[in-house]
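# Per-entry structural report
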Amino acid sequence: MLKNKFLTFLLFLAITFSASFIGGLSTITFKEPWYSLLNKPTFNPPDWIFGPVWTSLYLMMTFSIWLYWHTKNRDMNTVYIYFIHLIFNTTWSVVFFVFHNMDLALLVLIILIALIINLILRFKRVKMLSAYLMIPYLLWCSFALILNTSLIMLN
């Protein structure tokens, strides 16, 4: 059983961080000089903060789905929603940084936040800790929604 838990953790870690890898690659490759030339709100965080924050969030997301997976009452639809939400997570970076489409990125972010809320509610019914682990992610994405909206308004 311990071996199975370790392997599933590694699998969820690889899947979750693949979203991070694709999003990060999109950001690094296409961010500049476009992003530097945008007018930004005063609350725009410094670039160095994003790496540690996202790494922490992806780890919490991994633990969240892993804990949920190892419950007796897990629902595969919830797991599928988790995977779909990762697609939207990655899509935001591509739409925003590769295509420089802040309006479409805002729509993707709204859908992402709805999926995160859905996951929190589904996790809460089965594994409360899984739901709690997703809350910082929801808060960060909500902040990103405000930031994305501000960037649209300022540019």
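Computed from a prediction, not measured in an experiment: that's the story for all the values here. (Residues numbered from 1 in each chain as written. Predicted model: local features only at pLDDT ≥ 70, side-chain atom pairs only at ≥ 80, totals over all residues. Heavy atoms only, no water.)

Let us now look at a nonpolar patch on the surface. Among the surface-exposed residues, Met128, Leu129, Tyr132, Ile135 and Leu139 lie close enough to one another that they form a single nonpolar patch of about 480 Å² accessible area. Counting through the fold element by element, isoleucine 135 comes out in helix H5 (residues 128-154). Among the residues examined, isoleucine 135 registers a relative accessible area of 33% and is labelled partly exposed. (Patch = residues over 30% accessible without salt bridge, like charges linked within 9 Å, V, L, I, M, F, W, Y side chains within 5 Å. Areas by Shrake-Rupley, 256 points an atom, 1.4 Å probe, with all protein chains shown as cover. Salt bridge = Lys/Arg side-chain N within 4 Å of Asp/Glu carboxyl O. Helix = DSSP H or I, 4+ residues; strand = E, 2+ residues; numbered from the N terminus. Buried < 20%, exposed > 50% of the residue type's maximum accessible area, 1.4 Å probe, protein only.)

Now for the packing of aromatic side chains. Tallied over the entire structure, the rule returns 20 aromatic pairs. Plain terms: the ring middles of tryptophan 140 and phenylalanine 143 are 5.6 Å apart, the flat faces sit at 45 degrees to each other, and that makes the pair tilted. Here tryptophan 140 pairs with phenylalanine 143, and both are found in helix H5, just 3 residues apart, close to one helical turn. The residue whose ring lies beneath lysine 40 is tyrosine 35, and the NZ or CZ to ring-centre distance is 4.7 Å. The ring centre of tryptophan 69 lies 3.8 Å from the NZ or CZ of arginine 74, which sits over that ring. (Phe/Tyr/Trp six-rings, centres within 6.5 Å; stacked < 30°, edge-to-face > 60°. Lys NZ or Arg CZ within 6 Å of the ring centre and 35° of its normal.)

As a further point, take the pattern of salt bridges. Tallied over the full model, the rule gives 3 salt bridges. Two residues, lysine 31 and glutamate 32, come together in a salt bridge whose shortest N-O distance is 3.9 Å. When the shortest N-O distance is used, the salt bridge between lysine 31 and aspartate 47 registers 2.9 Å. In this pair, lysine 31 sits in the loop between helix H1 (2-30) and helix H2 (50-69) while aspartate 47 sits in the loop between H1 and H2, placing the two residues 16 residues apart along the sequence. A single network of salt bridges, built from pairs that share partners, joins Lys31, Glu32 and Asp47.

What follows concerns the packing of helix H3 (residues 76-98) against helix H4 (residues 102-126). In the contact formed by H3 and H4, the axes pass within 9 Å of each other and the chain directions differ by 160 degrees. The angle between H3 and H4 places the two elements in the roughly antiparallel class. The hand of the H3/H4 crossing is left-handed. The residue inventory of the contact of H3 with H4, partitioned by class, reads 18 nonpolar, 6 polar and 1 charged. (Axes fitted to C-alpha atoms, helices over the stretch in contact; angles between N-to-C directions. Parallel < 35°, antiparallel > 145°, perpendicular 65-115°, else oblique. Left-handed = near helix turned anticlockwise from the far one by under 90°. Nonpolar A, V, L, I, M, F, W, Y, C, P; charged D, E, K, R; others polar.)

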